Every structure is written in structure tokens, then in C-alpha cells.
Amino acid sequence: MIDIAIVWAFIIAFAVFVYVVMDGFDLGLGMLFPLFPKKEDRDVMMNTVAPVWDGNETWLVLGGGGLMAAFPLAYAVLMPALYTPIIIMLLGLVFRGVAFEFRWRTTRERNLWDIAFAGGSLLATLSQGIALGAILQGVTVSGRHYGGGWWDWLTPFSVLTGLALVAGYGLLGATWLILKTEGELRERAYGLSWWLLFAMLGAIGAVSLATPFLDAEYARRWFAWPNVLFSAPVPIAVAAVTILLLRALAAKQDFRPFFLSLALFALSYAGLGISMWPYIVPRSITIWQAAAPDSSLVFMSYGFAVLVPVILGYTAWAYYVFRGKVQAGAGYH
Amino acid sequence: MAMFEGWDAVVLARAQFAFTMSFHIIFPAFSIGLASYLAVLEALWLWTGREVFINLFNYWLKIFAIAFGMGVVSGIVMSYQFGTNWSAFSDKTGPIIGPLMAYEVLTAFFLEAGFLGVMLFGLERVGHKLHFFATLMVAIGTLFSAFWILSANSWMQTPTGYAINEAGQFIAADWWKVIFNPSFPYRLVHMVLAAYLTTALVVGAVGAWHLMKNSHLPGPRVMFSMAMWMATLVAPLQILAGDQHGLNTLEHQPAKLMAMEGHYQSHPDGAPLILFGLPNQKEARVDYAVEVPKLGSLILKHNPNAPLAGLDTIPRENWPPVPVTFWSFRIMVGIGFLMLGLGLLSLIMRWRGQLYQSRFMHVFALAMGPSGFIAVLAGWVTTETGRQPFTVFGLLRTSDSVSPLAAPAVASSLIAFGIVYFMVYLAGAIYLMRLMASPPHHGEEGPRGDVPARAAGITPASGVAAHGLQS
């Protein structure tokens, strides 16, 4: 008998990961905007994501909506716990989302919308990372409600995870630019990728070192025998991917760095999964306690099984239509 | 936070939801209609090959891109607001509302967003047939979205097909009854027609504006004529649909209908229709009422002497706030009849061959441009305020739905939303107006207007030839 709560835990984790994969480079590229002051460069940068950003962001809606549908108790506890970072993320996404259209409709205020694009991307990324740290460090639950205070989310650890995500999305953005641009823009993206990779590795290291100190259970999870058999491959794989990525950057293989950066994200994500399992609100609410009744989960499973392959299909098609390098001045005409 | 002194967290959370929702709904209302209009324009272009249709398509596509983007970002806010401000509601109704919204994301949001890029920027890359397919998918996506979200809202108004589990959550006993709950078909028809009318009035106003300056421009003539046909045909249908929706409300949410009508008292032998007046919630009467005797019963019961119950039959703690419901309903209905008038006038002008010349016609159409948005907002205020003091009608009170929030936290986020939306939506409105202020012209470009467009693609024939040359 399949445990449908576990299936849905993986589905929500999948949706969140697809969101990170797809919107990560959009947001990263937005944060890199201030480092590319020329209008032509910015036009190209924006045009590399303009046809797909909307679909990318939809995974965030699926993550939020799906969490409410499949684990309503977790949604009801986590959202008030993360009240401030979530609101800031939403406002950040408003600014960067409208900038996609607004900056093409004006010359006088273009700089203003470039700032909105970069600032909105930074705010959204920072608050997503902070939210992640705030979940990992645990939230106070009383009954079926959030029971903590309004600033519980803000700790040195959550700030660290916030900065880690900024570095990580930045790396995704820079390697995406390597993939999608040419000439001087691509060269600069290579230069930035080195710095961002080191920043991200430092951040992965710092978060990994800090996590076991949050709770003894995390330490047991990672270092006690025989768990270490499952957890040890993760840091080993991180090291291997890092070596491949360094070589790809040195050899200037345009295609590889972006996908290897995604592999780093996947490994970090697997590490998070090892830490959190089987809780959805760490050490307070398990996935089974939070799961919606079977009638809801089964009803959604049909739709998910049929629709998600179709969605992935036409999303891939859209990426295929806009494949290849984006040239300056060409836009998408 | 001095401006919110004395407001409790529930009132602030409601204010925030009303504010963010109102800013959001005007964009879907516009983009549902505009996506369908774009599909019609592209179909006409492919079918007839007339340049005016592709010019109009590209003209409205630029406007669509902005409106759609603003709808997306304000919509993401909504999907998280359930959790941030209404966490108790989310916990209790998540097993029912959640899957409906998940289906909206899976069937609608992905479809719209996935094909939007191709629709906006892909005409030259994928060829005309695939591009038209992308436009159709975006249009269908907007309608799917309306289907699911209106089903979810209607379930909150007229809940059926549910059971309650030991944790106090609503769970689905019969999904068919949950989705097709009693008020859903009426609300869906009423809202989709509203979206089409809203868009038609905007298109008509833009056409009228340009016709006032030059009545010979082909683009404005075509869009004005199409928009006025839409008003002529859909406004009466909408009034009919609204009437049926009202009868459905009488059956399933009588308190809301009493509030809309201002019927504090029961009328055992025929209720009047109160046209205007000042509802006085404290004294439970309508001051200075202007009323037509027996007409209320005639409309609602099709019998002038039929008895009609008033709010005095309902416990006072379950009363919706009558003044807001009463007035927002009148605003909506009043605008509806103005739309009917516009449609009829355009028919007469068309008959006399003065559709493109009559200045009065154009001024009227221009003035009616924003009226669809006002009517949509007024309609939603009527139905949502009329559901109070419940979130799930009769079952879950609004005061039991809210997050365990401290008032200052909600007040701060409300102020932040207010400032950000004011800046962003003001800029958006200016850019939209700027686009609308110049008429569609020969060789109209797509959404990346500052990039020189290729000459190809003006007519299907030359577009196909150019496409062939490229590939």
C-alpha cells in the first residue's frame, strides 16, 4: 500500500525544487543587474528570461497552493511564522515582475525599473533564504496554530541561509548568462561565476557546520552510525561536482557550468531533505500529522499525474523555441 | 500605525484582503476578456489576411503583456495571503479549497504562463499556426482559471459535498458536489460575461477616443465596431444572468439578498423594491427610502403579493453589514443598465450609419471605458460583504478564520502593500494609458517595440514567405 502522505511530501518538495531551479537563475540574473551598467547588456540579460519567467514563477504558486492543499496544517503554521519574510518576498516579486514589462515602456524611468528589478530580486531571494533558515531552526507551535513571536524568524542562522541563497542564485544567474549570451557579457559572467562559486561553497560549508548545532537530532542524523552511510555521499558528491564545475569554468565550456551549478543545488536540497525528514515543521509536525485527508490527496493525485507531464512538455517546448544565445539589439523578434 | 488605532487584527486582515484582492481582480477581469479578444483578432487575421487585424492584435498584445504581468504578481500575493493572514481558515478549509486552487495552478496558470512567452515574442519563431495555438492556449487558460477560482469562492458561499473530521477540518465527501456547488454555475457565467463586457468597454473607449480625432482610421473603426457589438449582445445577457444569480442567492443565502435589497423587515403581503435610501444598521431600517410598492416581490417571487422575509427573521449576530452591500449592489446594477443603454444606442447609430461619426456616441463610450472595472469591484463587494460575518457561509465565522496575528504586524504589512501597490499600479496605469493614447498604425510592432521589427509578418502571405526564407 502506497503511503500517499509520503508521495505528496515528495511532490511538494519536487515543486519547490523545480521553482528553485527555474526561478533561481531569473532572480540571480536580476541581482547581477547593478554589475552590468550598460543598457544593451541589461536588455540582453532581461531578454534571456523574458519569455519564460512567468512560467518559472508559477512553480512558486504551486508550492504555496500545493502546501495548503496537501498539508494545510503546515501551511497554517508556517505562513504566520514566516509572516515578515513572506510579505517581503511577495513585495520583492511584485517589483521585479512588473519591471519585466515596465522598463520597455519608458526611457526616462528605465533606471528606476532597473533598480526595482535588481532590488526586488535581491529582496525575494534574501527572504526565501531567511524563510528556509527559519523553518530549519524550528518554529513554536501551540495546538494547531503558530505560537511564537513576530521576530522569531530573525536569527544569525536564518541570515546566514539568506546570504547563502543570494550567493547560490547569483551563481545560477551568472552561469545562465554564460549559457545564453556571447562576447563581453559572457566574459564578465565567467569572471563573476568564479567569485559566486566560492561564495556559495563557503555558504554551503557554513550552513552545514551550523545546522548540527541547531539541534542534537540534526547531528545524530548526519554523523551517527549507520546514518552516516546515507549522509556521507552528499558532501562527497558536492566535492566531485565542484571539481567538475571549476574545470568547466576554466575550460570555458559554455554549456556545463549552469547545469553543474544546478547539481550543487540538487545536492544541497537533498541534504536539507535528510535533515528535515520526516518533519514538515521541524520537530513539531510530521508529514502524516499535517497531511490532508486521503479524499483530498487522491483527488489531486489524478490531476498531478496527468497534468504535470504535459506541463513539463510544453515548458520544455517554450525553452526550445527560445533556445540559443540571445544577441544584442535583436530582442526576440 | 496611528492611522489604524482602534482597529483589531480581524478588521485589519479583512482590509488587507479587500485591498489586495481589489487590486488583483481588475487585471484578471481585463485579461480574461482581452485574451479571448486577441484570439479572435488573430483568427480573423489568419482567415482574412487583412492587415488591420494583425495591427490590432499587436497593439492590444502590448497592453495585454503589461496587464497580465500585473495580474500575475498581484495574484501570487493572494495565494500566500490565505496562509499569512487567514491561517485558521487555511487549516480548516485547506482540504477543500486547496485542491481546487491546485487544479487552478495545474490547468490554468501553467497553461497561460507556458504559452505566454511564445504568444508575446514567438510569432517569427514558431510560424503562424503554432502561434495561434499558443494564443488560444493562453485564452483557454484564463477561462480555466476562472472556472476553478470561482468554484472555490462559490463553495465558500454555498458549501455542499463536505464533511467535518475530528480535527475540525472541512473534508470532501463528494468532489462533484463541492465543485458544482449551487451558486457556482451562476457565478461563473456572471463573472465571465463581466470580464468580456469590461474588456469590450475598454476597447470601445480606446476606439472612440481615436475616432473622435479621426473617424477614418481603420484600426479604431474595427475595434469600436467589435466592442459595440459585444456591448449590444452581452449587456442584456449579463442582466439576465445577474437576475438568475440573484434568485439563486435568495434560495441559498437569503441574508445576503435581504442586505442587497435593504429588507430589514419582513413583508407578509408583498415587499417593495427600495430604489434608494440610507440603510441604518443600528436602527434596522432604511432612512429616506424611495420605494416602489410590491415590485420587490414581483421581481424575486414573480408575484406582487408574495410574502418576503426580512433580516428580522435572522439572528442579529448573523447579519451582514447592510449599507455596504446595499450600495455596492446599486452601483453594479446602475452601471449594468448604462451598458445596456450604450449597446442599444450603438445599434441605433449603426442603423443610421453614424457609428463612426456621432460625437455623442463616442463621448458616451469613452466615459463608459472604466465602468466595467467599477461594476466588477462593486459586484464582488456585494457578494463578499453579503457573505459576512462568515467566511464559509453559515459554518465558519470570519472572526474564527484569522491568523493568530498581532494588530501591528498586520497594520505594517497593510501599509507596505498600500505604498508598493500605489507606486507600481500608478506607473502601470500610466504606461497602459500611454499605449492606448496613440492609435494602432500600419506595421504595428509587438511587445518589444524599441527593437526595430522586421518587415515580415504584416500579412499571413508575406509572413509565411519570410518565415520560409529564414528557416
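Keep in mind that what you see is a predicted model, and the values were worked out from it rather than measured.

1. Observations regarding the overall build of chain B
Part 1: In terms of helices and strands, chain B carries 15 helices and 6 strands.
Part 2: Taking 23 Å as the expected radius of gyration for a compact globule of 471 residues, we find that chain B reaches 24 Å, a close match to that expectation.
Part 3: In terms of overall dimensions, chain B has a C-alpha envelope of 75 × 55 × 50 Å along the principal axes.
Part 4: Split into buried and exposed, the 471 residues of chain B put 53% on the buried side.
Part 5: Counted over contacts in chain B with a minimum sequence separation of 6, partners at least 24 positions apart contribute 75%.

2. With respect to the pairing of strand β3 (residues 273-280) of chain B
Part 1: Across 6 bridges, the pairing between β3 of chain B and strand β4 (residues 285-292) of chain B is antiparallel. When the sheet's bridge partners are listed, Phe276 of chain B is paired in β4 of chain B with Val290 of chain B.

3. Focus: helix α7 (residues 156-180) of chain A
Part 1: Between the first and last C-alpha of α7 of chain A there are 36 Å, a value that for 25 residues agrees with the 36 Å anticipated at 1.5 Å per step.
Part 2: Burial analysis of α7 of chain A places 20 of its 25 residues in the buried class, which makes it a mostly covered element.

4. Some thoughts on the interface of chain B and chain A
Part 1: The interface of chain B with chain A comprises 64 residues on the first partner and 60 residues on the second.
Part 2: Of all elements in the fold, only α2 (51-85), α3 (87-121), α4 (123-126), β2 (170-172) and α14 (407-437) of chain B reach the threshold of two or more residues within the side of chain B that touches chain A.
Part 3: It is α3 of chain B that contributes the most residues to the side of chain B that touches chain A, 24 residues altogether.
Part 4: For the side of chain B that touches chain A, the residue count by class is 40 nonpolar, 17 polar and 7 charged.

5. Some points on unusual backbone geometry
Part 1: In this structure, the amide linkage connecting Trp277 of chain A to the following residue, Pro278 of chain A, adopts the cis form with an omega of -5 degrees.
Part 2: The topology assignment puts Pro278 of chain A in the loop between α12 (256-276) and β3 (279-281).
Part 3: In the segment running from Gln388 of chain B into Pro389 of chain B, the intervening peptide bond is cis, with an omega of 5 degrees.
Part 4: Locating Pro389 of chain B in the fold gives a position in the loop between α13 (371-387) and β5 (390-392).
Part 5: Although it is not a glycine, Arg283 of chain A sits at a positive phi angle of roughly 60 degrees.

6. Quick notes on the environment of Gly205 of chain A
Part 1: Position of Gly205 of chain A among the secondary structure elements: in helix α8 (residues 183-214).
Part 2: Taking the C-alpha atoms as reference points, Gly205 of chain A and Val98 of chain A, 107 residues apart in sequence, are found 35 Å from one another.

7. Quick look at the environment of Glu40 of chain A
Part 1: Along the chain, the position of Glu40 of chain A falls in helix α2 (residues 39-49).
Part 2: For the pair formed by Glu40 of chain A and Ala69 of chain A, sequence separation is 29 residues and the distance between their alpha carbons is 44 Å.

8. Some remarks on the packing of α7 of chain A against α12 of chain A
Residue and element names in this part refer to chain A.
Part 1: One can describe the packing of α7 onto α12 by two numbers: an axis separation of 8 Å at closest approach and a directional angle of 160 degrees. What the angle tells us is that α7 and α12 run roughly antiparallel. As α7 packs across α12, the resulting crossing turns out to be left-handed. Each of Gly168, Leu171, Leu172, Thr175, Trp176, Ile178 and Leu179 in α7 lies in contact with α12, whose residues at this interface are Pro257, Phe258, Ser261 and Phe265.
Part 2: Considered class by class, the residues forming the contact of α7 with α12 number 8 nonpolar, 3 polar and no charged.

9. A short note on the nonpolar core
Part 1: Counting 257 residues, the largest nonpolar core has Phe71 of chain A together with Ala231 of chain B as the members making the most contacts within it.
Part 2: Excluding its chain neighbours within four sequence positions, the residues that come into contact with Phe71 of chain A are Ile280, Ile287, Ala290, Ala291 and Ala292 of chain A.

10. A closer look at the packing of helix α4 (residues 72-81) of chain A against α3 of chain B
Part 1: It is at 8 Å that the axes of α4 of chain A and α3 of chain B come closest, and there the two elements cross at 145 degrees. Note on packing geometry: the crossing formed by α4 of chain A with α3 of chain B is right-handed. Contacts between α4 of chain A and α3 of chain B involve Pro72, Leu73, Tyr75, Ala76, Met79 and Pro80 of chain A from the first element and Ser87, Ala88, Ser90, Asp91, Gly94, Pro95 and Gly98 of chain B from the second.

Here is what the cut-offs are and how they apply
Counting restarts for each chain, with residues numbered from 1 along the sequence as it is written. Labels are handed out in written order, letters beginning with A for the chains and numbers beginning with 1 for the ligands. pLDDT decides what is reported in this predicted model: residues at 70 or higher carry local features, side-chain atom pairs at 80 or more are listed and counted, and totals for whole chains, interfaces and linings draw on all residues regardless. A run of DSSP states H or I qualifies as a helix once it reaches four residues; a run of E qualifies as a strand once it reaches two. Both are numbered from the N-terminal end. For the radius of gyration, the atom set is restricted to C-alpha positions; the globular benchmark scales as 2.2 Å times the number of residues to the power 0.38. Residue burial here comes from a neighbour count, namely the number of other C-beta atoms, placed from the backbone, that lie within 10 Å of the residue's own C-beta, with 20 or more meaning buried, 12 or fewer meaning exposed, and in between meaning partly exposed. Note on contacts: residues are paired as contacts if their backbone-placed C-beta atoms lie within 7 Å. Note on pairing: DSSP must find at least two bridges between two strands before they are called paired. Residue count minus one, scaled by 1.5 Å, sets the expected span of a helix. Residue classes follow a fixed rule: Ala, Val, Leu, Ile, Met, Phe, Trp, Tyr, Cys and Pro count as nonpolar, while Asp, Glu, Lys and Arg count as charged, and any other residue, Gly among them, counts as polar. Here an axis means a line fitted to C-alpha atoms, over the contact stretch when the element is a helix, while the angle between two N-to-C directions is reported on a 0 to 180 degree scale. In these notes the angle categories are as follows: under 35 degrees is roughly parallel, over 145 is roughly antiparallel, 65 to 115 is roughly perpendicular, and the rest is oblique. Definitions for this section: a left-handed crossing has its near helix turned counterclockwise from the far helix by less than a right angle. A right-handed crossing has that turn clockwise. The nonpolar core criterion groups buried Ala, Val, Leu, Ile, Met, Phe, Trp, Tyr and Cys residues into a set whenever they are joined through C-beta atoms within 7 Å.

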